[in-house]
Structures are given as C-alpha cells and as structure tokens.
Amino acid sequence: MSGRGRFITFEGTEGVGKSTQLQQAAATLRSAGIVVVVTREPGGTPMAEAIRELLLAPRAEAVNETTELLLMFAARAQHLHTLILPALAAGQWVLCDRFTDATFAYQGGGRGVSTDRIEQLETLVQGDMRPDHVILLDAPVEVGMARARKRGELDRFEQEAIAFFERIRAVYLDRASKSPAQYRVINAVQPLDSVTEQVTLLLREIISEAMTD
Ligand SMILES: Nc1ncnc2c1ncn2[C@@H]1O[C@H](COP(=O)(O)OP(=O)(O)O)[C@@H](O)[C@H]1O
Ligand SMILES: [Mg+2]
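The rules behind each value
- Residues numbered from 1 in each chain as written.
- Chains lettered and ligands numbered in written order.
- Predicted model: local features only at pLDDT ≥ 70, side-chain atom pairs only at ≥ 80, totals over all residues.
- Heavy atoms only, no water.
- 1 Å grid on protein atoms, 1.4 Å probe; cavity = no way out; pocket = protein on both sides within 12 Å on 5 of 7 lines; lining within 4 Å.
- Points joined across faces, edges and corners; volume = space filled by probe spheres on them.
- Helix = DSSP H or I, 4+ residues; strand = E, 2+ residues; numbered from the N terminus.
- Nonpolar A, V, L, I, M, F, W, Y, C, P; charged D, E, K, R; others polar.
- Axes fitted to C-alpha atoms, helices over the stretch in contact; angles between N-to-C directions.
- Parallel < 35°, antiparallel > 145°, perpendicular 65-115°, else oblique.
- Left-handed = near helix turned anticlockwise from the far one by under 90°.
- Contact = heavy atoms within 4.5 Å.
- Salt bridge = Lys/Arg side-chain N within 4 Å of Asp/Glu carboxyl O.
- Buried < 20%, exposed > 50% of the residue type's maximum accessible area, 1.4 Å probe, protein only.
- Near = heavy atom within 4 Å.
- Polar contact = N/O pair within 3.5 Å; in protein donor to acceptor, adjacent residues only side chain to side chain.
- Areas by Shrake-Rupley, 256 points an atom, 1.4 Å probe, with all protein chains shown as cover.
- Sits in = over half its atoms within 2 Å of the grid points.

Moving on, we come to the layout of surface pockets. Of the voids in this model, the largest pocket is the one considered here, and its volume is about 690 Å³. Around the largest pocket, the lining is made up of 33 residues, and of these Glu-14, Lys-18, Ser-19, Arg-98 and Arg-151 lie nearest the centre. Listing elements by their share of the lining of the largest pocket, those giving two or more residues are helix H1 (18-31), helix H2 (46-56), helix H3 (65-89), helix H4 (100-110), helix H6 (141-149) and helix H8 (192-211). Here the residues of the lining of the largest pocket sort into 13 nonpolar, eight polar and twelve charged. Space inside the second largest pocket adds up to approximately 150 Å³.

The next thing to look at is the packing of H3 against helix H5 (residues 115-126). At a minimum axis distance of 10 Å, the contact between H3 and H5 shows a crossing angle of 25 degrees. On the basis of their axis angle, the class for H3 and H5 is roughly parallel. Crossing handedness for the pair H3 and H5: right-handed. Contact with H3, carried on its side by Thr-66, Leu-69, Leu-70, Phe-73, Arg-76, Ala-77, Leu-80 and His-81, involves Arg-117, Ile-118, Leu-121, Glu-122, Val-125 and Gln-126 of H5 and no other residues of that element. Its residues placed into classes, the contact of H3 with H5 shows eight nonpolar, three polar and three charged.

Moving on to the pattern of salt bridges. Scanning the model with the defined rule gives 13 salt bridges in all. Arg-111 is the salt-bridge partner of Glu-68, the closest N and O atoms lying 2.9 Å from each other. Taken together, the residues Glu-68 in helix H3 and Arg-111 in the loop between H4 and H5 connect sequence positions 43 residues apart. Its relative accessible area of 1% is what places Glu-68 among the buried residues. A salt bridge links Arg-156 to Glu-68; the shortest N-O distance between them is 3.0 Å. Of this pair, Arg-156 sits in the loop between H6 and helix H7 (162-178) while Glu-68 is found in helix H3, placing the two residues 88 residues apart along the sequence. By the burial criterion, Arg-156 is buried, and Glu-68 matches it.

Our focus in this paragraph is the site of ligand 1. Contacts to ligand 1 come from 14 residues, most closely from Gly-15, Lys-18, Ser-19, Thr-20 and Arg-151. In the model, an oxygen atom of ligand 1 is placed 2.7 Å from a nitrogen or oxygen of the Lys-18 side chain. For ligand 1, a nitrogen atom lies 3.3 Å from a polar atom in the side chain of Arg-147. Considered on its own, ligand 1 offers 560 Å² of accessible surface; in the complex 74% of this is hidden by protein. Placement of ligand 1 is best described as lying within the largest pocket. Elements with a minimum of two residues in the shell around ligand 1: H1 and H8. Partitioned by chemical class, the residues of the shell around ligand 1 number five nonpolar, five polar and four charged.

Next comes the structure, spelled out in structure tokens:
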C-alpha cells in the first residue's frame, strides 16, 4: 500500500463508544502494517488542545454561539494544517475522534447555527478536504449518556439537556443518509464486542479498497 493515507473520523453523541472504537481501529490497522495517527477534535496539537480546554470548561459566562463556532474552526485549522494533512501526505492513516460533522451536529443542530454559515467556514478552513470515511456510532441519547456519566465530571457540552443531544443525533443521521458512500452508521446499542466486530469488518473493506487503488 502506498500513496496518500486515509482520513477516517468517528462521530456520534456522548458515550456511544467513539474513543473505545478508535483505539480498537488503530490496533486493527496497525496489524495490517499501516502507520496510524490517532487524534481528536477539538484538539490534536498543543495549541488546538489549549483551545479545546477553553471550549469544554464549564463557565458562568454565557458562551456566544459564534465564539464557540470560530474556536472550533480555529482549533481545526491548526490541527488540519500542522498534523492531519502532513500525516496523510506522508502516507499515514489518520483516525480522528470527531471532526466537522460534529460541528454541523453540535453547533448546527445543537446550538442552531445555520448550515450555510458552517459550510462557509468549512470551505475557508478545509477547502474541499473531507474525511474519506465517517464511522457514525448511533444510539438513543439516554444510552450514551448513561455510559458517559460513569466517566465522572461532565464538561460544558455534556451538561446540556437531552433535547440538545436529540437534535445532534438527528443531524448526524441526516448527513449520513445523504452521503451513504462516505458514512457508515453502526448501531452502538449492541454489546461492545459486536460493535467492534462491525467496525473491524468495515476497516477490512477500506483496507482492501486502498490496496487495489
Ligand atoms: N457497545 C458498548 N456497550 C457497552 N458499553 C460501552 C460500549 N461502547 C463503549 N462502552 C463504554 O461506554 C463508555 C463510553 O465510551 P467512550 O468510548 O468513552 O464513548 P465516547 O468516546 O463516544 O464518548 C466507556 O466506559 C466504554 O467502555
Ligand atoms: Mg470520547
């Protein structure tokens, strides 16, 4: 396998198993001899992680939705240009815990920012760069929240009401249904082993596709 790497993102609401599956996926790809970079958004570089802290910290001050949106894309610009694109150019595969789909879901569906405005920033920051594959782990909001609560302190997003996450889930599913070639929706209610098995099968497809490229 040679040439450009593949950019694979993991999406879904809180606690559906993104971080867990991402680690498993990295192991699967590495055992196929692929060099893998594991990263996350917001964050992924020291500066972008500093922006993440600004974004996630619960605070008394109300956060303006445009401030939140711009910080997300500021972190993304840094992450994309200093880490993701150079890795892909070097033939490495990049697995990212959330990416721009999360902005459409959280800032769009959750906060009510228009799709148009998000698309403008997407073009500004990414040009026509998009993930090669999006793995959407889908579960009813309560299922993920119950899992996420076990992690301890809730961040600024996790403290939102159920309705906020219902809107997010709906945007994710809508985006997936509009681009079935790019998205794979996996039922994340299933036991961990079954979810892992489905993600692994999908990765095998992606690897064999890449090998015949
Ligand atoms: N399919 C599953 N069934 C039961 N528990 C799961 C499953 N997937 C993940 N978990 C557990 O749920 C919690 C949240 O998973 P995590 O991967 O951190 O979710 P996310 O990154 O999507 O917020 C963890 O404790 C994890 O071990
Ligand atoms: Mg996570």
